[in-house]
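Structural description and commentary
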Amino acid sequence: MIRSLRWKGAAFTVPFQLGFVFLYLVPIGYAVYQSLYRTQQSGLGLGGATEEFSGLHNYQQGLTDSAFLSSILRVVLFACVQIPAMLFISLVLALFLDAVTSRLASRFRILLLVPYMIPGVVAAIVWINLYSPEVGPLTPLGELFGFQWNFFSPSMVWPSIGNLLTWHGIGYNMVIIYSALQAVPRELFEAARLDGASEIRIAVSVKVPYVRGALVLTGLLSIIQMLQIFNEPALFRNVTPQTVTDSFTPIMIIYNQAFNAGNYHYAAALSVLLALVLGVASFLFYRLTSKETD
């Protein structure tokens, strides 16, 4: 009887298992397979092309590709600034919602979630128009206060993209942190108030330690998303191709190798290398932060 119930319970996971196998494992395996081959031209390109086994040649080329390595370093340095700033704002907003009444919190929660519900491409187009010196209001507004800024210049393009990503992601992260705050026993707050603790002290000393797990989760998801950033830089490239090159991010290099250069095997190898970087970065982040949450 118990075994029968176990099999029935396992049957409910079959759709997920099938989706996981065919949408994740099979594409990953095919990418690894493609990365072990390369296209060889014969007869000065007039004799056609053949695929031959190259082993780890594509990986060696990727590990010495300065453009690919520079793009990873560029995104990592950007993530070290943008992700903590976004999570800090999300944490402050979650603490604010937890401090107000439930009715007021529900209204603000919906309002703060609106940016996240907007598709990323649409959000990028909206902000590109806001940044535009011809049609956007931000450039004339800055001139009123004596600022001469160009949001598409080399020194401003990353802050412009970072502002867009922060605006788009704080609502989602705020909801996760706010949900964790709702699980904190209310008796702890009352005890702290009886001991004379202020609301700020309660937030810093009681609430924040309880939501470290949620902060680790949101940080991990943000790292995975950041290293795969593509839509926003690709749309910015249409406006400022001199600043946002086709090797601006790792995914842009992989896309150009696959669909513009037609070098699918090398693109597959770069995809596997990027997946390994993602795995290592996520593992290190989790190990470093899990020690604080134990």
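Above this text sits the structure in question.
The following refers to the structure shown.

About the cut-offs
Residues numbered from 1 in each chain as written. Predicted model: local features only at pLDDT ≥ 70, side-chain atom pairs only at ≥ 80, totals over all residues. Heavy atoms only, no water. Helix = DSSP H or I, 4+ residues; strand = E, 2+ residues; numbered from the N terminus. Rg over C-alpha atoms; globule rule 2.2 N^0.38 Å. Buried < 20%, exposed > 50% of the residue type's maximum accessible area, 1.4 Å probe, protein only. Contact = heavy atoms within 4.5 Å. Areas by Shrake-Rupley, 256 points an atom, 1.4 Å probe, with all protein chains shown as cover. Lys, Arg positive; Asp, Glu negative; His and termini not counted. Charge placed at Lys NZ, Arg CZ, Asp CG, Glu CD. Salt bridge = Lys/Arg side-chain N within 4 Å of Asp/Glu carboxyl O. Expected span 1.5 Å × (residues − 1). Bend = angle between axes of the 7 residues up to and from the residue. Core = buried A, V, L, I, M, F, W, Y, C linked by side-chain atoms within 4.5 Å. Polar contact = N/O pair within 3.5 Å; in protein donor to acceptor, adjacent residues only side chain to side chain. Patch = residues over 30% accessible without salt bridge, like charges linked within 9 Å, V, L, I, M, F, W, Y side chains within 5 Å. Arc of directions from axis to C-beta.

A separate point is the overall build of the protein. The helix and strand inventory of the protein stands at 14 helices and 2 strands. Here the C-alpha atoms of the protein give a radius of gyration of 24 Å, more than 25% beyond the 19 Å that 2.2 N^0.38 yields for 294 residues. Taking the principal axes of the C-alpha coordinates as reference, the protein spans close to 85 × 75 × 30 Å. Out of the 294 residues belonging to the protein, those deemed buried represent 35%. Put simply, of all contacts in the protein between residues at least 6 apart along the chain, 66% involve residues at least 24 apart. With an accessible surface of roughly 17700 Å², the protein has 67% of that area assigned to carbon and sulfur atoms. Of the side-chain charges in the protein, 16 are positive and 14 negative, and the distance between the mean point of each set is 12 Å.

With that settled, consider the pattern of salt bridges. Summed over all chains, the structure comprises 5 salt bridges. Note that D98 and R186 form a salt bridge whose closest N and O atoms lie 3.4 Å from each other. With a gap of 88 residues between them, D98 in helix 4 (residues 66-99) and R186 in helix 9 (residues 186-194) connect regions that are remote in the sequence. In this structure, E190 and R193 form a salt bridge, with 3.3 Å as the shortest nitrogen-oxygen distance. Highlighted residues: E190 and R193, both in helix 9, separated by 3 residues, approximately one helical turn. Here the salt bridges do not stand alone but share partners, grouping D98, R186 and K207 into one network.

Under the 1.5 Å per step criterion, the end-to-end length of helix 8 (residues 157-182) is 38 Å for 26 residues, consistent within 8% with the ideal 38 Å. When the local axis directions of helix 8 are compared, the greatest deviation, roughly 40 degrees, occurs at G169. Within helix 8, 19 of the 26 residues are buried, leaving the element largely enclosed by the surrounding structure.

Looking now at the nonpolar core. Core analysis: the biggest nonpolar cluster contains 27 residues, and I161, M226, F236 and F248 have the highest contact counts within it. Those elements that provide at least two residues to this core are helix 4, helix 6 (120-131), helix 8, helix 11 (212-226) and helix 12 (231-239). In this view, M226 contacts V75, F78, A79, Q82, I83 and L165; residues no more than four positions away in its chain are not counted. Residues Y178, A203, V211 and L215 belong to the second largest nonpolar core, which totals 15 residues.

Let us look at the environment of L93. Note on placement: L93 falls in helix 4. Sequence spacing of L93 and N173 is 80 residues, and the spatial spacing of their C-alpha atoms is 9.8 Å. Here L93 is in contact with L112, I170 and M174, once residues within four sequence places are set aside.

Here we come to the side chain of S35. Its place among the elements puts S35 in helix 2 (residues 14-35). Within the structure, the side chain of S35 is placed 2.6 Å from the backbone oxygen of V32, a separation counted as a polar contact. In this structure the side chain of S35 is engaged in a polar contact, spanning 2.5 Å, whose partner is the side chain of Y59. Sequence-distant contacts of S35, that is, excluding residues within four places in its chain, are made with G55, N58, Y59, H265, A268 and A269.

Right, let's get into a nonpolar patch on the surface. Nonpolar side chains collect at one region of the surface, where V14, F16, L18, F20, V21, F22, L23, Y24, L25, V26, I28 and V32 lie side by side and expose about 1200 Å² of accessible area between them. Tracing the chain through its elements places L25 in helix 2.

Within the secondary structure, N150 is located in the loop between helix 7 (138-144) and helix 8. In this structure, the C-alpha to C-alpha distance between N150 and S132, residues 18 residues apart in sequence, is 8.5 Å.

Right, let's get into helix 12. Among all positions of helix 12, only E232, P233, L235 and F236 are buried. Buried residues of helix 12, seen end-on, are gathered within an arc of 165 degrees and therefore sit on one face of the element. Looking at the packing, one finds that the buried side of helix 12 touches helix 6, helix 8 and helix 13 (250-260).

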